[in-house]
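Residues per chain are reported as follows:
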Amino acid sequence: MTTSVGTFERWLYPSPSGLYCEPGGFHVDPGQAVDRAIITHGHSDHARPGHSHVLATTETLQVMRLRLGSGAGGTQQALSLGQRLEIGDVAVTLHPAGHILGSAQVLIEYRGMRAVVSGDYKRRADPTAVSFELVPCHLFITEATFGLPVFRHEPDQREIGRLLASLAAFPERTHLVGAYGLGKAQRIIALLRRAGFDRTIYLHGAMVAMCDLYERLGIDLGALEPVGDTPKEKLAGEIVLAPPSALADRWSRRLADPVTAFASGWMRVKARARQRGVELPLVISDHVDWPDLMTTIAETGAEEIWVTHGREEAVVRAVTLMGRRARALALLGREDEAE
Ligand SMILES: [Zn+2]
């Protein structure tokens, strides 16, 4: 299909509340409470509270209920991956995004046109998320969290190997790993298990409920225990996971001479690691890096690319050089999610 400038904007466009599909009467990941929302995944900058009706995968709905309670949506409707649903004059299908448990891309079909709203996504294998599926489309709406050529994530197992090597080298020190509490933390645990680490992993209290939910949804994380009042001596030589915000605060004083690690795509930037006092930066991200972003854009076959949150300018320029149309969508309220 060859479309002209503005073809997609006639039915899919950014409204003050977020991306709106007019013939379907719904927003995708709206930044404010709306009547009908389709939610790509449970991170707080995508899954806002207070929508009257929410459509998402079962896992995302459960994450929203855990995090938002009664704010998780007036009515909730689960849609399985690959199941096609007609809404108004459009058809909607969710496809795996590989970002976190339950994350989905939204395929919207309207009058022969296929638009994919990717939400956040990654191409790397992740034991806690269904792998990204490439969905051919005419319009691809992509994130650009790491949309600069400098961002290249390391192979996960290499980073996990560095963590385990440090633990072996400093058996008297607690290894405190900062990781975002939804998705990243559980992925790190699962990667440690795959690398053969079978000891108890200790958790900051803020992470316990989400890890429990992952377990209930079938993701085996092995032996976990809240740090709670565990004596310092017992935590020597152990791995403790905590939200990034806890790395530098009083809480970490209960640990035995901690080695501070932080698992994030931003750890590619050495100054960021230094600023946060991170001794062991682990470049592990739940977003595509630059090479995977460029590959994905090319592989979708989309003739038009819209770029949401992140480093839009560099991506728009690169896409234009590929001979495709590109525009930056200025959607409000997206965050780096300490990712
Ligand atoms: Zn996310």
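Computed from a predicted model, the values in this text were never measured in an experiment.

A.B. asks: Would you mind showing me how to read the domain arrangement of the protein chain here?
C.D. replies: One widely used convention gives an interface's size as the accessible area the parts lose upon coming together. Taken domain by domain, the protein chain consists of domain 1 (8–150 + 287–328) and domain 2 (156–282). A straight line from the C-alpha centre of domain 1 to that of domain 2 covers 29 Å. The interface of domain 1 with domain 2 comprises 16 residues on the first partner and 16 residues on the second. By residue class, the composition of the side of domain 1 that touches domain 2 is 7 nonpolar, 6 polar and 3 charged.

A.B. asks: I keep staring at the pairing of strand β18 (residues 304–310) and nothing clicks. Help me out?
C.D. replies: When a strand is regular, its side chains alternate between the sheet's two faces. Burial within β18 is extensive, with 7 of its 7 residues counted as buried. Examined bridge by bridge, strand β11 (residues 139–144) and β18 share 5 bridges and lie parallel to one another. Bridge pairing in β18 links I141 to W306. Examined bridge by bridge, β18 and strand β19 (residues 325–328) share 4 bridges and lie parallel to one another. Paired with I305 across the strands is A326, a residue of β19. As for the winding sense of the linkage, the β-α-β connection from β18 through helix α8 (residues 312–321) to β19 is right-handed.

A.B. asks: Please clarify how helix α2 (residues 156–169) should be interpreted in this entry.
C.D. replies: Each α-helix winds once per 3.6 residues, and so residues spaced three or four apart point in a common direction. Over its 14 residues, α2 runs 20 Å from end to end, which matches the ideal 20 Å to within 8%, given 1.5 Å per residue. Residues of α2 that are buried include every one of D156, E159, I160, L163 and L167, and no others. Projected down its long axis, α2 carries its buried residues within an arc of 100°, all on one side. Opposite the buried face of α2, by more than 90 degrees, sit the exposed residues Q157, R158, A165, A168 and A169.

A.B. asks: In this structure, what is going on with the nonpolar core? I would like to understand it.
C.D. replies: If you look at soluble globular proteins, the nonpolar side chains tend to sit buried side by side. Core analysis: the biggest nonpolar cluster contains 99 residues, and V177, V240 and L241 have the highest contact counts within it. With 6 residues, the single largest contributor to this core is helix α3 (residues 184–194). Shared between two domains, this core takes at least three residues from each, and those domains are domain 1 (8–150 + 287–328) and domain 2 (156–282). Among residues more than four places away in sequence, those in contact with V240 are T174, H175, L176, V177, Y202, V227, L235 and L255.

A.B. asks: Looking at this structure, I do not really get the sheet that holds strand β16 (residues 259–263). What am I missing?
C.D. replies: As a general point, the strands of a sheet are linked pairwise by backbone hydrogen bonds and lie either parallel or antiparallel. Strand order in the open sheet formed by 6 strands is β14-β13-β15-β12-β16-β17, and the pairing between neighbours is parallel. The open sheet has two free edges, formed respectively by β14 (224–226) and β17 (280–282), since each of these has just one partner strand. Direction aside, the axes of adjacent strands within the sheet are offset by 25° on average. The sheet contact formed by strand β12 (residues 175–178) and β16 spans 4 bridges and is parallel. Bridge pairing in β16 links G178 to F262.

A.B. asks: Quick question: what am I supposed to make of the sheet that holds strand β8 (residues 90–96) here?
C.D. replies: Here 7 strands make up an open sheet; going across it, the order is β7-β8-β9-β10-β11-β18-β19 and the pairing mixed. Here the strands that pair on one side only, and so sit at the sheet edges, are β7 (84–87) and β19. Averaged over all pairs of adjacent strands, the angle between their axes in this sheet comes to 25°, without regard to strand direction. In terms of strand pairing, β8 meets strand β9 (residues 104–110) through 6 bridges, oriented antiparallel. Looking at β9, one finds that H95 is bridged to Q105. In the packing of helix α7 (residues 290–300) onto the sheet, contacts are made with β10 (113–117), β11 and β18, and the angle to β11 comes to roughly 175°.

What counts, and where the lines are drawn
- Residues numbered from 1 in each chain as written.
- Predicted model: local features only at pLDDT ≥ 70, side-chain atom pairs only at ≥ 80, totals over all residues.
- Domains from an automatic or database assignment.
- Contact = placed C-beta atoms within 7 Å.
- Nonpolar A, V, L, I, M, F, W, Y, C, P; charged D, E, K, R; others polar.
- Buried ≥ 20, exposed ≤ 12 C-beta atoms within 10 Å, placed from the backbone.
- Helix = DSSP H or I, 4+ residues; strand = E, 2+ residues; numbered from the N terminus.
- Pairing = 2+ DSSP bridges.
- Right-handed = clockwise from strand over helix to strand, strands pointing away.
- Expected span 1.5 Å × (residues − 1).
- Arc of directions from axis to C-beta.
- Core = buried A, V, L, I, M, F, W, Y, C linked by C-beta atoms within 7 Å.
- Axes fitted to C-alpha atoms, helices over the stretch in contact; angles between N-to-C directions.

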